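Overview (structure and organization)
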Amino acid sequence: TIYFIDGQFTERDGLKISIDDRGYYFGDGVYEVIKVYGGKLYTAKEHINRLFQSASKIKIAIPYEETQFMEIANELISTNKILDGHIYIQVTRGSSPRTHHFPQPAVTPVVSAYAVSNPRPVAAIENGVSVKTVEDVRWLRCDIKSLNLLGNVLAKQEAHEAGCTEALLHRNGLVMEGSSSNMFGVKNGKVYTHPVTNLILNGITRQVVLALCKDLGISVDEKPFTLDEAFEMDEFFLTSTTSEITPITSIDGSKVGSGQPGPLTVKLQKAFALQIP
Ligand code: PDD
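Conventions we followed
- Residues numbered from 1 in each chain as written.
- Predicted model: local features only at pLDDT ≥ 70, side-chain atom pairs only at ≥ 80, totals over all residues.
- Heavy atoms only, no water.
- Helix = DSSP H or I, 4+ residues; strand = E, 2+ residues; numbered from the N terminus.
- Rg over C-alpha atoms; globule rule 2.2 N^0.38 Å.
- Buried < 20%, exposed > 50% of the residue type's maximum accessible area, 1.4 Å probe, protein only.
- Contact = heavy atoms within 4.5 Å.
- Areas by Shrake-Rupley, 256 points an atom, 1.4 Å probe, with all protein chains shown as cover.
- Lys, Arg positive; Asp, Glu negative; His and termini not counted.
- Charge placed at Lys NZ, Arg CZ, Asp CG, Glu CD.
- Patch = residues over 30% accessible without salt bridge, like charges linked within 9 Å, V, L, I, M, F, W, Y side chains within 5 Å.
- Salt bridge = Lys/Arg side-chain N within 4 Å of Asp/Glu carboxyl O.
- Expected span 1.5 Å × (residues − 1).
- Arc of directions from axis to C-beta.
- Polar contact = N/O pair within 3.5 Å; in protein donor to acceptor, adjacent residues only side chain to side chain.
- 1 Å grid on protein atoms, 1.4 Å probe; cavity = no way out; pocket = protein on both sides within 12 Å on 5 of 7 lines; lining within 4 Å.
- Points joined across faces, edges and corners; volume = space filled by probe spheres on them.
- Nonpolar A, V, L, I, M, F, W, Y, C, P; charged D, E, K, R; others polar.
- Domains from an automatic or database assignment.
- Near = heavy atom within 4 Å.
- Sits in = over half its atoms within 2 Å of the grid points.
- Phe/Tyr/Trp six-rings, centres within 6.5 Å; stacked < 30°, edge-to-face > 60°.
- Lys NZ or Arg CZ within 6 Å of the ring centre and 35° of its normal.

The next thing to look at is the overall build of the protein chain. When helices and strands are counted, the protein chain shows 8 helices and 15 strands. In terms of overall size, the protein chain behaves like a compact globule, its C-alpha atoms giving a radius of gyration of 19 Å where 277 residues would be expected to give roughly 19 Å. On the principal axes, the C-alpha backbone points of the protein chain span a range of 55 × 40 × 35 Å. Going through the 277 residues of the protein chain one by one, you find that 51% of them count as buried. Long-range pairs, those at least 24 residues apart, make up 70% of the contacts in the protein chain between residues at least 6 apart in sequence. When the accessible area of the protein chain is evaluated, it comes to approximately 13400 Å², of which 53% is carbon and sulfur surface. If the 27 positive side-chain charges of the protein chain are averaged to one point and the 31 negative ones to another, these points end up 2 Å apart.

Here it is, written out as structure tokens:
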């Protein structure tokens, strides 16, 4: 497998990461996951734009252009012969002896990337998954795709220990998102999801789904809904780069609707499948 780090492509043995990397000390960096279908990147520009936005929100100046990331990603796909899988890109503030404040003078950010093969999660997409409700104790800048994922990790683990695939995060009684996905409810033919604020990550798949709803004439309300309302939804689904549109068939062990993927969810999945490469 060929990896990319610090401007170079290298075998795993050639990877050198400093113990002083601020990603390692502080989670001081940002990342993206981009899906690859049949050897082709999907919504790569949107992901790379969000990488630049996340970096700028934490005052990291990425020493690359968008086109260079596209070239790196395509090179990783071809040298590693990836068909279905994803690209992971990470940028940390750089390597410098441990002090909380930014290094002075500034150091060069460390950019790394790799590609992995992994098939589409067909079973989950067809049959649906279960989720566990977990209180959202993350910070107030969830709009940044930061490497600091401890809140997300603990929430996912809690769900996992309960035999669930994902955590349904709630804050002050309102549904936010998943630990690594966005959450949608369907009631009386209308789609509900949390609006874009500092409290959620504006998922690229979320944006694709909202565009598909528009194309299909499905009405959407980007308005927070309560955890109580979540249990009353006719359908529920989550979205993410790797999970695409995955139906949620139970919340805390109680069935959503009939307990089967709902018709509107299936309609959106079909529309989604038509526009991937
Ligand atoms: N997770 N919300 C959170 C907290 C996420 O971590 C993610 C993505 C999403 C969905 O975003 P998108 O549709 O752009 O993938 C929402 C990635 C896949 C991960 O951490 O692996």
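Having seen the model, we can carry on.
Turning next to a nonpolar patch on the surface. Nonpolar side chains collect at one region of the surface, where I19, Y24 and Y25 lie side by side and expose about 360 Å² of accessible area between them. Given the relative accessible area of 60%, I19 is considered exposed.

With 13 residues, helix α8 (residues 263-275) should cover 18 Å at 1.5 Å per step; its first-to-last C-alpha distance of 19 Å lies within 8% of that length. Taken as a whole, α8 has its buried residues at L264, T265, L268, Q269, A271 and F272. Looking straight down α8, one finds its buried side chains confined to an arc of 165 degrees; they lie on one side. Across α8 from its buried face, at more than 90 degrees, point the exposed residues P263, K270 and L274.

Mapping N182 onto the fold places it in strand β10 (residues 182-187). Here the side chain of N182 touches E177 through a polar contact of 3.5 Å, side chain to side chain. Among all residues touching N182, those that are not within four sequence positions of it are E177, I200, L201, G203, R206, F237, L238 and T239.

Let us look at empty space enclosed by the protein. Applying the stated criterion to the full structure yields 2 cavities of 30 Å³ or more. Size it by volume and the largest cavity reaches roughly 50 Å³. Listed by contribution, the elements that provide at least two residues to the lining of the largest cavity are β3 (29-37) and α6 (204-216). Of the residues assigned to the lining of the largest cavity, the class counts are 4 nonpolar, 5 polar and 1 charged. The residues that make up the lining of the largest cavity include at least three from each of domain 1 (2-117) and domain 2 (122-275). Put simply, the second largest cavity is a space of about 30 Å³. Lining the second largest cavity, in full, are E235, F236, P247, I248, V256, Q260, P261, G262 and T265. Listed by contribution, the elements that provide at least two residues to the lining of the second largest cavity are β13 (235-240) and β14 (244-251).

The next subject is the site of the ligand. Taken together, 19 residues are adjacent to the ligand, and Y31, E177, I204, T205 and T241 come closest. Here an oxygen atom of the ligand and a side-chain polar atom of Y31 are 2.7 Å apart. One of the side-chain N or O atoms of K145 is found 3.2 Å from a nitrogen atom in the ligand. The fraction of the free accessible surface of the ligand (470 Å²) that becomes covered by protein chains is 89%. Judged by its atoms lying within 2 Å of the grid points, the ligand is housed in the largest pocket. Residue composition of the shell around the ligand, by class: 4 nonpolar, 11 polar and 4 charged.

This paragraph deals with the packing of aromatic side chains. Enumeration according to the criterion identifies 13 aromatic pairs in this entry. Seen from their ring centres, F4 and F9 are 5.1 Å apart, and the 65 degrees between their planes marks the pair as edge-to-face. Ring centres 5.9 Å apart and planes at 75 degrees place the aromatic pair Y42 and F272 in the edge-to-face group. Of the two residues, Y42 is situated in the loop between β4 (40-41) and α2 (44-57) and F272 in helix α8; the sequence distance between them amounts to 230 residues. Accessibility classification places Y42 together with F272 in one group, the buried group. Just above the ring of F102 sits the side chain of R93; from NZ or CZ to the centre is 3.5 Å. Here the basic side chain of R98 rests over the ring of Y25, its NZ or CZ set 6.0 Å away from the ring centre.

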